[in-house]
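A look at the structure
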There are 2 protein chains.
Amino acid sequence: MGKIMKVEITAEGYSPTKTVVKARNFEMVIDEPPMLGGKDEGANPVEYLLGALSGCLNVMAHFIAKEMGIELGKLDIKIEGELDLAGLMGKEDVRPGFKWIKVKMKPESNASKEELKKLIEEVEKRCPVSDNLRNETPVEIELE
Amino acid sequence: MGKIMKVEITAEGYSPTKTVVKARNFEMVIDEPPMLGGKDEGANPVEYLLGALSGCLNVMAHFIAKEMGIELGKLDIKIEGELDLAGLMGKEDVRPGFKWIKVKMKPESNASKEELKKLIEEVEKRCPVSDNLRNETPVEIELE
């Protein structure tokens, strides 16, 4: 058994598109651009999702590099994904979420390409956010 | 065929735990608390993940309520998840991500409990972030 970590956030939907999230002492402002009915007061939910993935990959890359004895400096990450809005509009045979997510990582490091490839493989396996996206995760919604 | 939406972010890992994300004109600062080696300059990646889910659920709830002719005011959302740190530490048989995610939604509405239940069911089906968590999503990482 490892160390169990409970994570909790609360959020208030102030308008049909704007959500203010509290996580411990931090706040996130989420909104939609005007073309999706919002006022563009923050990044939108799917941008936050890709942002979460980038943060997790950065932490895990540095953590595992240290384990492997690889020196790793600044890490540039670019992530893109594509979704078909027909899914969220209700079309049955189209998935509403990202169909795929592609990540490019550009590490500042003296390590060999082989070592860096091994690092990335290990990061892919052990990154929590990547795991939750790649594999099925039960999400239960309850009405209060 | 629906409307294809491409979503892109860039991120810079400035330190082993701090990541600064750019999504269009928005910035997210992600860090870890001291117990996970960070300086606590922002919410951590898994908190951002739950935040993204709350934002998506809020937008979809209001969007579908409108479709159904249900009046929906402020929406309070609470999300929790649990993960076992042994997974990211490298223990093979423990998944690194959330084992489960639980959402509580408290809507301000005059609609009947039946209508609200139907609303939630539809939101579960059509929320992009929820879909990406519940179901498998290919994530490809490339080294530049």
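In the block above lies the structure referred to throughout.
Bear in mind the structure is a predicted one, so any value in this text is a computation, not a measurement.

Calculation criteria
- Just so you know, the residues in each chain are numbered from 1, in the order the chain's sequence is written.
- Note on labels: chains are lettered from A, ligands numbered from 1, in written order.
- Under the rules for a predicted model, residues below a pLDDT of 70 receive no local features and side-chain atom pairs below 80 are neither given nor counted, while totals for whole chains, interfaces and linings still include all residues.
- Excluded from the side-chain calculations are hydrogens and water; all other atoms, namely the structure's heavy atoms, are used.
- Only heavy atoms enter the contact rule, under which two residues are in contact if any of them lie within 4.5 Å.
- Two parts lose some accessible area (1.4 Å probe) when they are put together, and adding that loss for both gives the buried area.
- For this document, the term salt bridge refers to a Lys or Arg side-chain nitrogen within 4 Å of an Asp or Glu carboxyl oxygen.
- Counting of polar contacts relies on pairs of N or O atoms within 3.5 Å, with two restrictions inside protein: one atom must be capable of donating a hydrogen and the other of accepting it, and residues adjacent in sequence are counted only when both atoms are side-chain atoms.
- Going along the chain from the N terminus, every DSSP run of H or I of four or more residues is numbered as a helix, and every run of E of two or more is numbered as a strand.
- Buried residues are those whose accessible area, probed at 1.4 Å on protein chains only, stays under 20% of the maximum for their type, while exposed residues exceed 50% and partly exposed ones sit between those limits.
- When charges are counted, neither His nor the chain ends are considered; positive counts come from Lys and Arg and negative counts from Asp and Glu.
- With axes taken as lines fitted to C-alpha atoms, and helix axes fitted only over the stretch in contact, angles between N-to-C directions fall between 0 and 180 degrees.
- Each angle receives one of four descriptions, namely roughly parallel if under 35 degrees, roughly antiparallel if over 145, roughly perpendicular if within 65 to 115, and oblique otherwise.
- Under the scheme applied here, ten amino acids are nonpolar (Ala, Val, Leu, Ile, Met, Phe, Trp, Tyr, Cys and Pro), four are charged (Asp, Glu, Lys and Arg), and all others, including Gly, are polar.
- Here the copies are matched by least squares. The fit uses the C-alpha atoms of residues with pLDDT of at least 70 in both.
- Residue types Ala, Val, Leu, Ile, Met, Phe, Trp, Tyr and Cys, when buried and joined through side-chain atoms within 4.5 Å, form a set referred to as a nonpolar core.

**Points about the interface of chain A and chain B**
Listed as interface residues are 108 residues of chain A and, on the opposing side, 108 residues of chain B. A buried area of about 9,900 Å², summed over both sides, lies between chain A and chain B, and 60% of it is on carbon and sulfur atoms. When the area that chain A buries against chain B is broken down by residue, the three leading residues are Met-5, Ile-141 and Leu-143 of chain A, summing to 8%. Where chain A meets chain B, there are eight salt bridges. Here Arg-95 of chain A and Asp-131 of chain B are joined by a salt bridge, their closest N and O atoms 2.9 Å apart. Taken together, the links from chain A to chain B amount to 53 residue pairs in polar contact (both at pLDDT 80 or more).

**Focus on the side chain of Glu-32 of chain B**
Along the chain, Glu-32 of chain B falls in the loop between β3 (26–30) and α1 (45–68). Buried charge Glu-32 of chain B goes without a salt bridge, the closest partner of opposite sign being Arg-24 of chain A at 6.5 Å. Among residues more than four places away in sequence, those in contact with Glu-32 of chain B are Val-59 of chain A together with Thr-17, Gly-38, Lys-39, Asp-40, Asn-44 and Pro-45 of chain B.

**Describing the packing of helix α1 (residues 45–68) of chain A against α1 of chain B**
Contact geometry for α1 of chain A and α1 of chain B: axes closest at 8 Å, N-to-C directions at 170°. Taken together, α1 of chain A and α1 of chain B sit at an angle that is classed as roughly antiparallel. Between α1 of chain A and α1 of chain B, the residues in contact are Pro-45, Tyr-48, Leu-49, Ala-52, Gly-55 and Cys-56 of chain A and Pro-45, Tyr-48, Leu-49, Ala-52, Gly-55 and Cys-56 of chain B, respectively. Taken together, the residues of the contact of α1 of chain A with α1 of chain B sort by class into 10 nonpolar, two polar and no charged.

**Observations concerning the relation of the copies chain A and chain B**
When chain A is brought onto chain B, the operation consists of a screw motion whose angular component is 180° and whose axial shift is 0.0 Å, with 0.0 Å RMSD remaining. Both copies of the chain, as the preceding transformation shows, are related through a two-fold rotation axis. Counting the interface residues of chain A, we find that 100% of their copies in chain B are interface residues as well, pointing to one common contact surface.

**Here's the deal with the nonpolar core**
If you look at the biggest cluster of nonpolar residues, it comprises 90 residues, and the most contacted ones within it are Leu-57 and Val-103 of chain A together with Leu-57 and Val-103 of chain B. Each residue touching Leu-57 of chain A, except ones within four places of it in the same chain, is listed here: Ile-77, Ile-79, Val-103, Met-105, Val-123 and Cys-127 of chain A together with Ile-141 of chain B.

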